[in-house]
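# Geometric and topological summary
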Amino acid sequence: MPCPRVLAFLPWLLVLSLACRDEQAGPRPKVRPPPSGAAAPAAAAVQGTWAGGAIRYLGTRVERGGQVVRLTHRFEATQRLPAGWQIFVHLVDARTGQMLGNADHAPQPPLEQWQPGQPVDDVQLVQLPPGAPEVRVLLGFWHDDQRMRVDQPAAQDGQERMLGPVIGAGPPPVPEAHVKRTGTPPRIDGLLDDAAWAAAAPLTLVDSLDGHPAPLRTTARLTWDDQALYVAFDCEDPDVWGTFRNRDEPLYTQEVVEIFLDADADGRTYDEIEVSPHNVVFDAYFPARRQGMDLSWDSGLQSAVKVNGTIDDPRDRDRGWTVEMRIPFARLHSVPHVPPRPGDRWRFNLYRLELPDRKNAQGQAFSPLFIGDFHAVDRFAWLVFE
């Protein structure tokens, strides 16, 4: 899914927002030949070296005060260095390697002014949002599309990024949703006026990146019977729109509501079902996280949408749209029991993607992810059948 926000950087100040969905951000991992004439590194206090020992990594000091972290990266040149090289500092989820942010910058003083044998400190302030995962610091030097070679394989991640410290704490526990069985299933017409919905507990979606209240309200409700899981979304939206009209088009690039279901809670296989404001459906099966997407799978979804406003017309102000879904248990993958038994526990998440200006995306989730990836299966909530 696209990156919904842009990281803002000030000189020597990085405000880390866990927003970027591009795991390949930053310089491409090409390797430039090392500068010639490099001296051998000293063993004491050196965590790794670049370019045949031309630059020594003496470590990163971490000083934390609440959510603000001061990082002091210490380097030492062993010889005069060429001009044009810059420092990159990548921040990744320590659990998954997901890219969270990068802080490429020109060192001060420039590398060509570093005095051999004199340590140089590179200082950054990092503000971690509440609920941030453990963050691994990866760093190195880049020029054009090349990265300087890390000499020790064990000191890098395989992409010429030196392994720095791990900072932060794990995210909060994932929530649970207890879903009641209904004796009378809702009528799938897009109107949320059925008794089954009145009896279902509302679930409020929050900002998927930080868990804060979302700018536009989204509530969801779930219920079930022997044949199917029923899902309803109620979305506040002043401009309801969409351009896709065909099944399995990339609805996830525009406004859409989504449910991900990992019925056997194995943390690997899961089904993804989406519905757009035009009631276009996207459904896919994944045998592993973001791998092997199978669009030939048919979920058997029955859905309906009701728009409270004028769809695709930006000249007026809409109130929102509602969605109803009926998902047959028999079509889902790896369901332990059909129908589910009271007490069965699945993993799932609910999402909404909103583009208020029809360009920049805002993600919402029932269980916030704290990274920009709706496929973060380890952050799926628990679905408990009652």
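Note: the structure precedes this text.
Below you will find a few notes about this structure.

Here is what the cut-offs are and how they apply
- Residues numbered from 1 in each chain as written.
- Predicted model: local features only at pLDDT ≥ 70, side-chain atom pairs only at ≥ 80, totals over all residues.
- Heavy atoms only, no water.
- Pairing = 2+ DSSP bridges.
- Helix = DSSP H or I, 4+ residues; strand = E, 2+ residues; numbered from the N terminus.
- Buried < 20%, exposed > 50% of the residue type's maximum accessible area, 1.4 Å probe, protein only.
- Contact = heavy atoms within 4.5 Å.
- Polar contact = N/O pair within 3.5 Å; in protein donor to acceptor, adjacent residues only side chain to side chain.
- Core = buried A, V, L, I, M, F, W, Y, C linked by side-chain atoms within 4.5 Å.
- Phe/Tyr/Trp six-rings, centres within 6.5 Å; stacked < 30°, edge-to-face > 60°.
- Lys NZ or Arg CZ within 6 Å of the ring centre and 35° of its normal.
- Salt bridge = Lys/Arg side-chain N within 4 Å of Asp/Glu carboxyl O.
- 1 Å grid on protein atoms, 1.4 Å probe; cavity = no way out; pocket = protein on both sides within 12 Å on 5 of 7 lines; lining within 4 Å.
- Points joined across faces, edges and corners; volume = space filled by probe spheres on them.
- Nonpolar A, V, L, I, M, F, W, Y, C, P; charged D, E, K, R; others polar.

With that settled, the discussion passes to the sheet that holds strand β17 (residues 228-236). Here 5 strands make up an open sheet; going across it, the order is β14-β16-β17-β22-β21 and the pairing antiparallel. Since the sheet does not close on itself, it has two edges, and those belong to β14 (203-204) and β21 (302-308), each with one partner. Pairing of β17 with strand β22 (residues 320-328) involves 9 bridges; the strand directions are antiparallel. Bridge pairing links Tyr230 to Arg326 in β22.

Below, the discussion takes up the environment of Asp157. Secondary-structure assignment places Asp157 in the loop between β11 (146-148) and β12 (162-167). Residue Asp157 is classed as partly exposed on the basis of its relative accessible area of 28%. Spatially, the C-alpha atoms of Asp157 and Gly97 are 9.8 Å apart, while their sequence positions differ by 60 residues. Leave out the neighbours within four places in its chain, and Asp157 touches Leu138 and Leu163. In terms of polar contacts, Asp157 uses its side chain to reach the backbone amide nitrogen of Gln159, at 2.9 Å. Side chain to side chain, Asp157 and Arg161 meet in a polar contact 2.7 Å long.

Nonpolar side chains tend to gather and get buried jointly when the protein is soluble and globular. With 51 residues, the main nonpolar core has Trp50, Ile55, Phe75, Trp114 and Phe141 as its most contacted residues. Not counting residues within four places of it along the chain, the set of residues in contact with Ile55 comprises Gly48, Thr49, Trp50, Phe75, Glu76, Leu81, Leu111, Trp114, Phe141 and Met148.

Once that is clear, we can look at the packing of aromatic side chains. Two descriptors summarise a pair of aromatic rings, namely the distance from one centre to the other and the angle between the planes of the rings. Tallied over the entire structure, the rule returns 19 aromatic pairs. Grouping aromatic residues by their ring pairs yields a cluster made of Phe260, Tyr270, Phe286, Tyr351, Phe374 and Phe380. One Lys or Arg, Arg345, reaches over the ring of Trp382 and ends 4.6 Å from the middle of that ring.

It is worth spelling out the pattern of salt bridges at this point. This model, assessed by the stated rule, comprises 21 salt bridges. Arg95 is the partner of Asp93 in a salt bridge, and the nearest nitrogen-oxygen pair spans 2.3 Å. Several salt bridges share partner residues, and in doing so they unite Arg247, Asp283, Asp298 and Arg331 into one network.

The next subject is empty space enclosed by the protein. Within the structure shown, the criterion is met by 1 cavity of 30 Å³ or more. By volume, the largest cavity amounts to about 30 Å³. Taken together, Gly242, Thr243, Phe244, Leu251, Gln254, Glu255, Ser276 and Pro277 make up the lining of the largest cavity. Taken together, the residues that form the lining of the largest cavity break down as 3 nonpolar, 4 polar and 1 charged.

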